[in-house]
Amino acid sequence: MPIRQLSETMINQIAAGEVIERPASVVKELVENALDAGAGRVEIVTAGGGLNLIRVTDDGAGMPEHELALAVARHCTSKLSDDINDIRSLGFRGEALPSIGSVARLSIRSRTAQGDSAAEISIEGGRVASVRPAAANRGTTVEVRDLFFATPARLKFMKGERAESSATSDVIKRIAIAFPAVRFTLAGADRSTLELPATEDSPEGQLRRLAQVMGSEFPDNSIAVDAMREGVRLTGHVSIPSFTRANALQQYAYVNGRPVRDKLIAGAIRGAYMDVLPRDRHAVVALFLMLDPATVDVNVHPAKADVRFRDPGLVRGLIVGAIREALTSAGVRAATTGAAGMMAAFRPGAASFGHGGPANGHRGYDAAYRASGPIGFDAAHSPQRPLDMGFRENEQTAFDTGATVSVDARASQVETTETLLGATLGAARAQVHENYIVAQTRDSLVIVDQHAAHERLVYEALKNALHSRPVPAQMLLLPEIVDLPEDDAERLSSHAETLKRFGLGVERFGPGAIAVRETPSMLGETDVQQLVRDLADEIADNDTTETLTERLHHIAATMACHGSVRSGRLLKPDEMNALLRQMEATPGSGTCNHGRPTYIELKLADIERLFGRR
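Before going into details, it helps to say that this report is about the structure given with it. These numbers come from a predicted model, not from an experiment.

Of all seven residues that make up strand S7 (residues 139-145), six are buried, and the element is covered over most of its length. In this structure, strand S2 (residues 53-58) lies alongside S7, joined through six bridges in antiparallel fashion. Looking across to S7, one finds that Arg55 is bridged to Glu143. As defined by bridge partners, strand S3 (residues 105-111) adjoins S7 across seven bridges and the pair is classed as antiparallel. Its bridge partner being in S7, Arg109 is matched across the sheet by Thr141.

Given below as structure tokens:
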């Protein structure tokens, strides 16, 4: 077949295959156009999951009549200067509208603030109609009907109406987080209405928008992040370690206001929470990176979902360091969801009593009579016995506190208790089931898992020992030679000094090999070949040596688990209070090494609600 020039319609349909994957992609492109036009209100209506109808209305600047024809032509845009490296808008290619018009029925109606009337243009399957007058308010309305009618094969790859509607909702939420001062409404016959009222363009307004999208409990279980390094600014909010999700869908990342799904950022978030979350749990975060547009390339993906940083190591280090610093500075905090779970468990009717009867869980008089039997009456166990029975002198010995102390000693005890009550985890009051410490603060009840808590304390002490001095190494009797591609060998040798600090001695052994002479003593007998290859892969991806650090931390976690206070050990009051004070002074002590919570806090107000006092 000879080489020939493709038609304009075919070119647009090919572009649509890259940019317009599904109805949510159309919504994303149209909403980004509205925001680039300075809209303060964006309304989206869909039908049939977006395949039958998508309508986006905004109150932005609008387009004059003579620009409508250019707006639906390829590579025509008002958002790009002569410098491709200076991109400050969400869109810039000028491909979205002609691509949509090539596979659907598209109409655009727009009016500027200075215009006396609106104008409208239509495209159907790539055929452009002439511009005609219309009636409209200031702003733009873009309507897309019968998506992919011109390429019916694409319809076979669409998911169900509910799945497409859900994808559209996710797109709107992701964009809305970055623009708190804009009001978003998503409605239609195929969905329940999603309304996100505008807030202020400030940190407080940003947090309110996060609560609208991520749930009202997120602000109470999050920590603010604000850091800067070498011209790169990072802000946002991250969840405390005990507030997690089963997937990473509630991890939102933005680069210069653009929503992205970048593997470098996702990996940095995982690395920051590596020590405090189990592998099957994910943090809830919203992070905003601001940097010079010239240092990030947003033109590497047709849908602009991925970006490429000039210095990826700087960005990753900033994210990991900032999140870990925020978690450390936040001190000991328990997730409010833990208290909610306790409240649900304690509510009347939540437990199963294993028998029929009234809804409040109490058996009737007849059932109680039959259970006790008609004979063998015992006054001491009668429900009608006098109240003073059971409170005799010999039954009070369990509550004795010893000999009466002097007035000075009692005053000292009161003062000490008052001081402890003001601490974050309060004063230890009891140990139950030989594993749980019950403590009291001025306004809450705290229950601590002594094994999980001490496991975290030992682990942090071992980690500090690892990072405060070089890791002890063991010399190999014969060096282990690892064959690698020359690029990988070069990258490993350039990190030799860093690896040496962690007990791994490597050096070049010819053009495509590495000689390993020492390994960390903590690892014992290890697969050196696999370790070196994993390190080479990670350095190639992220320019870091986290693989070795993770292995050492895993050994430290195992040692901490076996070296901590075991369940079933009785603790004295002084030991319990000492454990609580150490938890307050140790970063990340709200969860153990496996990501489980070390304590749960129930506020006094919640307890009073359980007893109907509130």
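In total, this model carries 25 salt bridges according to the counting rule given. Among the ionic pairs, Arg456 bridges to Glu460, the shortest N-O distance being 2.6 Å. Here Arg456 pairs with Glu460, and both are found in helix H12 (residues 450-468), just four residues apart, close to one helical turn. Here Glu507 and Arg517 are joined by a salt bridge, their closest N and O atoms 2.9 Å apart. One end of the pair, Glu507, is in strand S23 (residues 505-508); the other, Arg517, is in strand S24 (residues 513-520), and 10 residues separate them in sequence. Classification of Glu507 as partly exposed rests on a relative accessible area of 35%. Salt bridges linked by common partners bring Arg55, Glu143 and Arg145 together as one network.

All right, on to a nonpolar patch on the surface then. A grouping of Leu6, Met10 and Ile14 is seen on the molecular surface, where their side chains present a nonpolar patch of about 250 Å² in accessible area. Position of Ile14 among the secondary structure elements: in helix H1 (residues 8-19). Since its relative accessible area comes to 45%, Ile14 is described here as partly exposed.

Moving on to the sheet that holds S24. In spatial order, the strands read S22-S24-S23; together these three strands make up an open sheet with antiparallel pairing. Two strands bound the open sheet, and with one partner strand each, they are strand S22 (473-483) and S23. This sheet shows a mean twist of 20 degrees between the axes of neighbouring strands, independent of strand direction. Across four bridges, the pairing between S23 and S24 is antiparallel. Note that in S24 the partner of Gly505 across the bridge is Glu518.

Between its first and last C-alpha atoms helix H6 (residues 203-214) spans 16 Å; for 12 residues at 1.5 Å apiece the expected length is 16 Å, and the two agree. Listed in full, the buried residues belonging to H6 are Gly205, Gln206, Arg209, Leu210, Val213 and Met214. In an axial view of H6, the angular spread of the buried residues amounts to 155 degrees, which keeps them on one side of the axis. Immediately downstream of H6, the backbone of Gly215 shows phi near 110 degrees, a positive value.

Structurally, Val225 can be placed in strand S10 (residues 222-229). Aside from chain neighbours lying at most four places away, what touches Val225 is Leu234, Thr235, Gly236, Val238, Ala322 and Ala326.

On to the packing of aromatic side chains. With the rule as written, the count across this model stands at one aromatic pair. Plain terms: the ring middles of Tyr254 and Phe288 are 5.0 Å apart, the flat faces sit at 15 degrees to each other, and that makes the pair stacked. Of this pair, Tyr254 sits in strand S13 (residues 251-255) while Phe288 sits in strand S16 (residues 285-290), and the two are 34 residues apart along the sequence. Per residue, the accessibility class of Tyr254 equals that of Phe288, and both read buried. Across from the ring centre of Phe149, 3.9 Å away, lies the NZ or CZ of Arg105, which sits over that ring.

Quick look at the sheet that holds S10 now. Judged by pairing direction, the sheet is mixed, and its five strands sit side by side in the order S10-S11-S16-S13-S14 without closing on themselves. Each having just a single partner strand, S10 and strand S14 (258-260) make up the two edges of the open sheet. On average, adjacent strands in this sheet sit at an angle of 20 degrees to one another, irrespective of strand direction. Across three bridges, the pairing between S13 and S14 is antiparallel. Bridging across to S14, Tyr254 finds its partner in Pro259. Docked against the sheet, helix H5 (residues 161-178) engages S13, S14 and S16, running at close to 55 degrees with respect to S13.

Analysis parameters
- Residues numbered from 1 in each chain as written.
- Predicted model: local features only at pLDDT ≥ 70, side-chain atom pairs only at ≥ 80, totals over all residues.
- Heavy atoms only, no water.
- Buried < 20%, exposed > 50% of the residue type's maximum accessible area, 1.4 Å probe, protein only.
- Helix = DSSP H or I, 4+ residues; strand = E, 2+ residues; numbered from the N terminus.
- Pairing = 2+ DSSP bridges.
- Salt bridge = Lys/Arg side-chain N within 4 Å of Asp/Glu carboxyl O.
- Patch = residues over 30% accessible without salt bridge, like charges linked within 9 Å, V, L, I, M, F, W, Y side chains within 5 Å.
- Areas by Shrake-Rupley, 256 points an atom, 1.4 Å probe, with all protein chains shown as cover.
- Axes fitted to C-alpha atoms, helices over the stretch in contact; angles between N-to-C directions.
- Expected span 1.5 Å × (residues − 1).
- Arc of directions from axis to C-beta.
- Contact = heavy atoms within 4.5 Å.
- Phe/Tyr/Trp six-rings, centres within 6.5 Å; stacked < 30°, edge-to-face > 60°.
- Lys NZ or Arg CZ within 6 Å of the ring centre and 35° of its normal.

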